[in-house]
Amino acid sequence: MISKRLKTLVKYVDEIDNIMDIGCDHALLDIYLIKNKYTDKIIASDIHENALNAGIENIKRNNLESKIDARLGDGLDVLSDDDTINTLLISGMGTSTILKILDNDKIERIYKLIIQSNNDHDILRKKVTDLGFYIDSEEYFQDNNKNYINIVFKKGNRSYTKTELKYGPFLINNKEYLEFELSKIYKIYNLIPKLKLRYRLELRLEIIKLNKYLKKCS
Ligand SMILES: C[S@@+](CC[C@H](N)C(=O)[O-])C[C@H]1O[C@@H](n2cnc3c(N)ncnc32)[C@H](O)[C@@H]1O
């Protein structure tokens, strides 16, 4: 069984994708993808030996050693010239770790990134689009009372407004996501009465802006 969080990622996998799951840990997602025939080969990598060993154990338990190639190492460094990987799956990490992983010449070979970052989605969008990818789709969901965002980037250039980079070109029109963002801002606004005037003003402007988008969704 895999969690709802991991399962949300499988729909982004297409037939033409040759996948590397960076930071596979337990390799549960990779096992699910192979068993359910989303793909027939995956490289599953992790930088920590203990994490990778947990993955290898699970791969062996499912007799999938011939289909899931488990590799120890840092991000894209584990790829050799012969590998034909064109898609990266990266989930369960923060944006700064993800950006360090993408800061590698081998990114040139990649046409698609399926990313579930834990934080700083605005920075992720800005930096990854600066690397020459555009945002192909986005999803906001909850699992076990936690909030998650999936972003799929594909090779190509598109320009985005500041608001689109901050909230997402798709999520800015998503009612549930806007309500979640507004609730975060209201919390800060109401719980900290002694906020500096300028910051209060900024928050009020943000609230007005998001409410405008929210109205368009309803
Ligand atoms: C919290 S786990 C997430 C596991 C799985 N992807 C998921 O979403 O459930 C993050 C994993 O990323 C690995 N990791 C962190 N930095 C990495 C890097 N630069 N290269 C490969 N793996 C990395 C960690 O060792 C850890 O096993």
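All values reported here derive from a predicted model rather than from experimental measurement.

Another point: the overall build of the protein chain. Within the protein chain one finds 8 helices and 7 strands. Structurally, the protein chain occupies a C-alpha span of about 60 × 35 × 30 Å along its principal axes. Looking at the 218 residues of the protein chain, the share that counts as buried comes to 29%. Contacts spanning at least 24 positions in sequence make up 64% of the contacts within the protein chain whose residues lie at least 6 apart.

If you check helix α8 (residues 197-217), its first and last C-alpha atoms are 30 Å apart, about what 21 residues at 1.5 Å a residue would give, namely 30 Å. In terms of burial, α8 is largely open, as just 0 of its 21 residues are buried.

Bringing the sheet that holds strand β5 (residues 112-117) into the picture now. Taken in spatial order, the 7 strands of this open sheet run β3-β2-β1-β4-β5-β7-β6, and their pairing is mixed. The sheet is open, and its two edges are formed by β3 (68-72) and β6 (133-143), each paired on a single side. Adjacent strand axes in the sheet meet at a mean angle of 15°, parallel and antiparallel pairs treated alike. Here β6 pairs with strand β7 (residues 146-155) via 10 bridges, running antiparallel. Each bridged residue has a counterpart across the sheet, and for Ser137 the counterpart in β7 is Val152.

In the sheet, strand β2 (residues 42-46) pairs with β3 via 5 bridges, with the strands oriented parallel. Bridging from a neighbouring strand, Ile43 pairs with Asp69 of β3. Viewed along the sheet, the connection from β2 through helix α3 (residues 49-61) into β3 turns out right-handed.

By nearness alone, 17 residues border the ligand, and Gly23, Asp25, Ala51, Ser91 and Gly92 come closest of all. Sorting elements by how many residues they give to the shell around the ligand places strand β4 (residues 87-93) first, with 3 residues. Tallied by class, the residues present in the shell around the ligand amount to 7 nonpolar, 7 polar and 3 charged.

Before going further, it helps to examine the domain arrangement of the protein chain. Segmenting the protein chain into domains produces domain 1 (4-160) and domain 2 (176-217). Measuring from the centre of the C-alpha atoms in domain 1 to the corresponding centre in domain 2 gives 32 Å.

Packing of helix α4 (residues 95-102) against helix α5 (residues 121-130) leaves a shortest axis separation of 10 Å and a crossing angle of 10°. By the angle class used here, α4 and α5 are roughly parallel. Where α4 approaches α5, its residues Thr95, Ile98, Leu99 and Leu102 are matched on the opposing element by Ile123, Leu124, Lys127 and Val128. By residue class, the composition of the contact of α4 with α5 is 6 nonpolar, 1 polar and 1 charged.

Parameters and conventions
Residues numbered from 1 in each chain as written. Predicted model: local features only at pLDDT ≥ 70, side-chain atom pairs only at ≥ 80, totals over all residues. Helix = DSSP H or I, 4+ residues; strand = E, 2+ residues; numbered from the N terminus. Buried ≥ 20, exposed ≤ 12 C-beta atoms within 10 Å, placed from the backbone. Contact = placed C-beta atoms within 7 Å. Expected span 1.5 Å × (residues − 1). Pairing = 2+ DSSP bridges. Axes fitted to C-alpha atoms, helices over the stretch in contact; angles between N-to-C directions. Right-handed = clockwise from strand over helix to strand, strands pointing away. Near = placed C-beta within 6 Å. Nonpolar A, V, L, I, M, F, W, Y, C, P; charged D, E, K, R; others polar. Domains from an automatic or database assignment. Parallel < 35°, antiparallel > 145°, perpendicular 65-115°, else oblique.

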